[in-house]
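Listed below are the residues making up each chain.
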Amino acid sequence: MRRQRRSSLLLLGVVTVAVVAYSGHSLLSPDHSVRSGPFSGDPLCADVVSGAPEEVLSWQRDGATVAGTASWGEASVVLRCGVEPLPPTPDLCMNVSGVDWVLDEGRLEADGVQVLTTYGRTPAVEVTIEDAPGHAGDVLVDMNRSVRDIPRKSKCLSPGEVP
């Protein structure tokens, strides 16, 4: 009986570990819902993450352990370096202190989450802001310090510049 119970507990433990490993999540990590971008291994991403601020909007930096990511305020603000670079888009593009950022207007309309991605830089950096409506500009100013060293290859065009 004891042997069967031990076997059952061992099987349950193995299944739990397999599910956690498969999902890419860690039950012990506060950043379990943050995923790396497909190009997060780019050496410039390590510089972006290490240069990211310790505080954003009065939130302290969380203990993110996923490559190419940082978060603040229990993932209220999330930075992901190494996301897919954006193609030209009609979405709103704004230049904040020399860095172009594109707002995912569809996501904003769908669920109120602000997702901004650098434009014209590789690796691309994405910043998601969930619990701070109206503060995207402040967040981007803070993020620019670590992002502006990624070489700019192109820039957003204003409507007057489109051929």
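Numbers given to residues run from 1 along each chain, matching the order in which its sequence is written. The predicted nature of this model means local features are confined to residues of pLDDT at least 70 and side-chain atom pairs, given and counted, to a pLDDT of 80 or more, with totals for whole chains, interfaces and linings taken over all residues. By convention in this description, side-chain values take in all heavy atoms of the structure and omit both hydrogens and water.

1. Here's the deal with the overall build of the protein chain
Then step 1. In this text, helices come from DSSP runs of H or I with a minimum length of four residues, and strands from runs of E with a minimum of two, each type numbered from the N-terminal end. A count of helices and strands for the protein chain gives four helices and eight strands.
Then step 2. Reading the helices (α) and strands (β) of the protein chain from amino to carboxyl end gives α-α-β-β-β-β-β-β-α-β-β-α.
Then step 3. For this analysis, residues touch if any pair of their heavy atoms sits within 4.5 Å. In the protein chain, the share of contacts with a sequence separation of at least 24, taken over all contacts with a separation of at least 6, comes to 54%.
Then step 4. Each accessible area is a Shrake-Rupley result for a 1.4 Å probe, and residues are judged covered by the shown protein chains and nothing else. Per element, the accessible surface of the protein chain, about 9,800 Å² overall, is 56% carbon and sulfur.

2. Let's talk about the side chain of arginine 80
Then step 1. Among the secondary structure elements, arginine 80 is positioned in strand β4 (residues 77-83).
Then step 2. Think of a polar contact as two N or O atoms within 3.5 Å of one another; within protein, one of them needs to be a possible hydrogen donor and the other a possible acceptor, and neighboring residues in sequence only count if both atoms come from side chains. In this structure the side chain of arginine 80 is engaged in a polar contact, spanning 2.9 Å, whose partner is the backbone oxygen of arginine 35.
Then step 3. When neighbours within four sequence positions are excluded, arginine 80 is seen to be in contact with Arg35, Ser36, Gly37, Gly68, Thr69, Ala124, Val125 and Glu126.

3. A word on the pairing of β4
Then step 1. Each residue gets one of three labels from its accessible area relative to the maximum for its type: buried under 20%, exposed over 50%, partly exposed in between, using a 1.4 Å probe on protein chains only. Of all seven residues in β4, seven are buried, a share of seventy percent or more.
Then step 2. Bridge count between strand β3 (residues 69-72) and β4: four bridges; the pairing is antiparallel. Residue pairing for β4: alanine 70 is matched across the bridge by leucine 79.
Then step 3. At least two bridges found by DSSP between two strands is the condition for calling them paired. If you look at the hairpin formed by β3 and β4, you'll find four residues sitting between the two strands, and glycine 73 has a positive phi there, around 60 degrees.
Then step 4. Sheet topology note: the β4/strand β8 (residues 124-129) ladder contains six bridges and is antiparallel. From the neighbouring strand, leucine 79 faces β8, where its bridge partner is valine 127.

4. Description of the environment of valine 96
Then step 1. Its place among the elements puts valine 96 in strand β5 (residues 93-96).
Then step 2. Excluding residues that lie within four positions of it along the chain, valine 96 makes contacts with Trp101, Leu140, Val141 and Asn144.

5. Notes on the state of the cysteines
Then step 1. The disulfide definition used here is simple: a pair of cysteine sulfur atoms within 2.5 Å. Counted under the stated rule, the structure contains two disulfides.
Then step 2. Through a disulfide, cysteine 45 is tied to cysteine 81; the S-S separation comes to 2.2 Å. Taking the sign of the torsion about the S-S bond as the criterion, the disulfide between cysteine 45 and cysteine 81, at about -75 degrees, is left-handed. Placement of cysteine 45 in helix α2 (residues 43-51) and of cysteine 81 in strand β4 is noted, with a sequence separation of 36 residues between them.
Then step 3. Looking at cysteine 45, the relative accessible area reads 1%, which means it is buried.

6. With respect to the pairing of β5
Then step 1. The sheet contact formed by β5 and strand β6 (residues 99-103) spans four bridges and is antiparallel. Residue pairing across strands places methionine 94 opposite tryptophan 101, the latter belonging to β6.
Then step 2. Hairpin connection between β5 and β6: a loop of two residues separates the two successive antiparallel strands, and serine 97 in this loop has a positive phi of roughly 50 degrees.

7. Section: the pattern of salt bridges
Then step 1. By convention in these notes, a salt bridge is any Lys or Arg side-chain nitrogen within 4 Å of a carboxyl oxygen on Asp or Glu. Evaluated as defined, the whole model comprises four salt bridges.
Then step 2. Its salt-bridge partner being glutamate 54, residue arginine 61 comes within 3.9 Å of it at the nearest N-O pair.
Then step 3. Judged by relative accessible area, glutamate 54 falls into the exposed class, the value being 53%.
Then step 4. Note that arginine 80 and glutamate 126 form a salt bridge whose closest N and O atoms lie 2.9 Å from each other. Placement of arginine 80 in strand β4 and of glutamate 126 in strand β8 is noted, with a sequence separation of 46 residues between them.
Then step 5. Judged by relative accessible area, glutamate 126 falls into the buried class, the value being 16%.

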